Amino acid sequence: MIMTRWHSRLLVTTIAVILGLGLSTVGCGTEPVINSLAPTTTVTLGQSQPVPGGGVSLAVKFDQPLRTGSTPVWYLTVSNDGVDATLNFSSGQRGEVVLLAADGSEVYRWSAQRTFIQVISTESIPTADSLVYELDGTKLTVPPGEYEMIATVLSSPEVSPVSQKVTVEP
């Protein structure tokens, strides 16, 4: 087959358009970013107990200190110390972080102003491996003080949540 200059330009243009469309959709949506490792500047706050019959547990990390008006990045690390595991998700949302006041009222929810794609998906975690879900972009508009932080991964089977006291500074 002989390719003319016009055909080769058409082919290059078509490929460029397809790649451009693919790259333009990469940043769309508000789903959390999944990373292989969280930065070392974070502090681990707590770890959940492994799922009964398995070894999947959750740990929460974030940059210290939490400050009113800041935009914290929460790292939810799901570790597997048991046999290979599969987590099932019913939407694009992978995790949640909530802060509760002393009276139990909710004062912060990471996903409060977000929407997520409604799709059923699975993620595998091999033995001795982990997944890190990065939750960012939600401003912390709570007064300074002590709060109960509850972090969860929204999967089936359920991974035990982490619940721990945190301090928000001015």
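Computed from a predicted structure; not experimentally measured. Here the residue numbers are simple positions, counted from 1 along each chain's written sequence. Totals for whole chains, interfaces and linings use every residue, but because this is a predicted model, local features are given only for residues with pLDDT of at least 70 and side-chain atom pairs only at 80 or more, for both listing and counting. Hydrogens and waters are ignored; side-chain quantities use all the structure's heavy atoms.

> Let's hear about the overall build of the protein chain: which residues, and what values?
From N to C terminus, the protein chain includes one helix and 12 strands. Secondary structure elements follow DSSP: runs of H or I of four or more residues count as helices, runs of E of two or more count as strands, with numbering from the N terminus. Helices (α) and strands (β) of the protein chain occur, in sequence order from the N terminus, as α-β-β-β-β-β-β-β-β-β-β-β-β. The buried share of the protein chain, taken over its 170 residues, is 39%. Contact between two residues is taken to exist if any of their heavy atoms lie within 4.5 Å; hydrogens are not considered. Of all intrachain contacts in the protein chain linking residues separated by at least 6 positions in sequence, the fraction that spans at least 24 positions is 68%. Residue exposure (1.4 Å probe, protein chains only): buried if accessible area is under 20% of the type maximum, exposed if over 50%, otherwise partly exposed.

> So what's going on with the confidence of the model for the protein chain? Residues and values would help.
Residue-level pLDDT values for the protein chain average 79, and 68% of them are 70 or greater. The pLDDT value tells you how sure the predictor is about a given residue, anywhere from 0 up to 100. Confidence over residues 1–43 falls short of pLDDT 50; this stretch has 37 contacts with residues more than four positions distant or in other chains.

> Requested: an account of the pairing of strand β5 (residues 74–80), with residues and values cited.
Counting buried residues in β5 gives seven out of seven residues, a clear majority hidden from the surface. Of the two faces of β5, the one carrying W74, L76, V78 and N80 and the one carrying Y75, T77 and S79 are both buried. Examined bridge by bridge, strand β3 (residues 56–63) and β5 share seven bridges and lie antiparallel to one another. Residue V60 lies in a different strand from β5, and its bridge partner there is L76. Summarising the sheet, β5 and strand β10 (residues 129–135) pair through seven bridges and their orientation is antiparallel. In the sheet register, L76 faces β10, and the bridge partner there is Y133. By this definition, two strands are paired if DSSP reports at least two bridges between them.

> How would you explain the pattern of salt bridges if you had to name every residue and give the values?
Salt bridges are identified by distance alone: a Lys or Arg side-chain nitrogen within 4 Å of an Asp or Glu carboxyl oxygen. Evaluation of the coordinates by the stated rule reveals five salt bridges. Measuring nitrogen to oxygen at the nearest pair gives 2.7 Å for the salt bridge that ties E123 to R94. Linking E123 in strand β9 (residues 121–125) with R94 in the loop between β6 (85–89) and β7 (95–100), this pair joins segments that are 29 residues apart in sequence. Neither E123 nor R94 differs from the other in exposure class; each is buried. For E148, the salt bridge identified is with K165, shortest N-O distance 3.4 Å. Of this pair, E148 sits in strand β11 (residues 145–153) while K165 sits in strand β12 (residues 162–169); the two residues are 17 residues apart in sequence, bridging distant segments of the chain. Relative accessible area serves as the criterion here: at 54%, K165 is assigned to the exposed category. The network of salt bridges with shared partners includes E96, E106 and R109.

> So what's going on with the environment of R114? Residues and values would help.
Of note, R114 is situated in the loop between β8 (106–109) and β9. We define a polar contact as two N or O atoms separated by no more than 3.5 Å, with the added condition that, inside protein, one atom must be a possible hydrogen donor and the other a possible acceptor, whereas residues neighbouring each other in sequence contribute only through side-chain atom pairs. Here the side chain of R114 touches W110 through a polar contact of 3.4 Å, landing on its backbone oxygen. There is a polar contact of 3.2 Å between the side chain of R114 and the side chain of T138.

> Quick rundown of the nonpolar core? Include the residues and the values.
Membership of the largest hydrophobic core comes to 31 residues, with the highest contact counts inside it found for W74, L76 and V97. Among the elements of the structure, β3, β5, β6, β7, β10, β11 and β12 are those that each provide at least two residues to this core. Once you skip the residues sitting within four places of it in the chain, V97 turns out to touch W74, L76, Y108, R109, W110, L135, M149, I150 and A151. By nonpolar core is meant a set of buried Ala, Val, Leu, Ile, Met, Phe, Trp, Tyr and Cys residues that side-chain atoms within 4.5 Å join together.

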